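# Coordinate analysis (summary)
The lines below spell out each chain.
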Amino acid sequence: MVSYNKLWKKLIDLKLNKKELKEATGIGSTTITKLTNDELVSMEVMMKICLFLNCDIGDVMTFTFNKEVKE
C-alpha cells in the first residue's frame, strides 16, 4: 500500500497547494487525483515532484507491505 501523506504535509509546510504542484510539475489532473486517493503513479511523476520540491522520494511517500498482494 502506498501513502502520499508526507507529500501533502510537505506542501502545507511550503504553503503550496495541489494546483500549484500540478502547474509546476506539468502533471495532469488525473495524476493529482491518483495521488489524492493513494493510488500508484509512475516513477516519472514521482521524479518530477521530487525535483520540484528538492527532496528524496521517501520524503513524499511511504510504502507498506501487506500480507495479501492484490494483482
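Worth saying up front: this structure is predicted, and the values here are computed from it rather than measured.

### Points about the side chain of Thr31
Within the secondary structure, Thr31 sits in helix H3 (residues 29-36). Residue class for Thr31 comes out buried when judged on its relative accessible area of 18%.

### Some points on helix H1 (residues 5-13)
All buried positions along H1 are accounted for by Leu7, Trp8 and Leu11. All buried residues of H1 lie within an arc of 95° about the axis, which places them on one face of the element. Of the exposed residues in H1, those oriented more than 90 degrees away from the buried face are Asn5, Lys9, Ile12 and Asp13. Looking at the buried side of H1, the elements it contacts are helix H2 (18-25), H3 and helix H4 (43-53). Positioned one or two residues after H1, Lys15 has a phi angle of 60°, which is positive.

### Re the nonpolar core
Among the nonpolar cores identified, the biggest contains 18 residues, and Tyr4, Leu7, Leu35, Met46, Ile49, Leu53 and Val60 are the most heavily contacted of them. Sorting the residues of this core by element identifies H1, H3 and H4 as the ones contributing at least two each. For Leu35, the contacting residues outside a window of four places in its chain are Tyr4, Leu7, Trp8, Ile27, Val41, Met46 and Ile49.

### Points about the packing of H2 against H4
Interaxial distance between H2 and H4 falls to 10 Å at its minimum, and their mutual angle equals 100°. Of the possible angle classes, the one that applies to H2 and H4 is roughly perpendicular. Contact residues: Leu21, Ala24 and Thr25 in H2; Lys48, Ile49 and Phe52 in H4. Taken together, the residues of the contact of H2 with H4 sort by class into four nonpolar, one polar and one charged.

### A short note on H2
Turn by turn, an α-helix covers 3.6 residues, leaving residues three or four places apart pointing in a common direction. Here H2 starts with a cap whose side-chain oxygen sits 3.0 Å from the backbone nitrogen of Lys19, and that cap is Asn17. After H2 finishes, the residue Gly26 shows a positive phi value of roughly 80°.

Reading the values: rules and limits
Residues numbered from 1 in each chain as written. Predicted model: local features only at pLDDT ≥ 70, side-chain atom pairs only at ≥ 80, totals over all residues. Heavy atoms only, no water. Helix = DSSP H or I, 4+ residues; strand = E, 2+ residues; numbered from the N terminus. Buried < 20%, exposed > 50% of the residue type's maximum accessible area, 1.4 Å probe, protein only. Arc of directions from axis to C-beta. Contact = heavy atoms within 4.5 Å. Core = buried A, V, L, I, M, F, W, Y, C linked by side-chain atoms within 4.5 Å. Axes fitted to C-alpha atoms, helices over the stretch in contact; angles between N-to-C directions. Parallel < 35°, antiparallel > 145°, perpendicular 65-115°, else oblique. Nonpolar A, V, L, I, M, F, W, Y, C, P; charged D, E, K, R; others polar. Polar contact = N/O pair within 3.5 Å; in protein donor to acceptor, adjacent residues only side chain to side chain.

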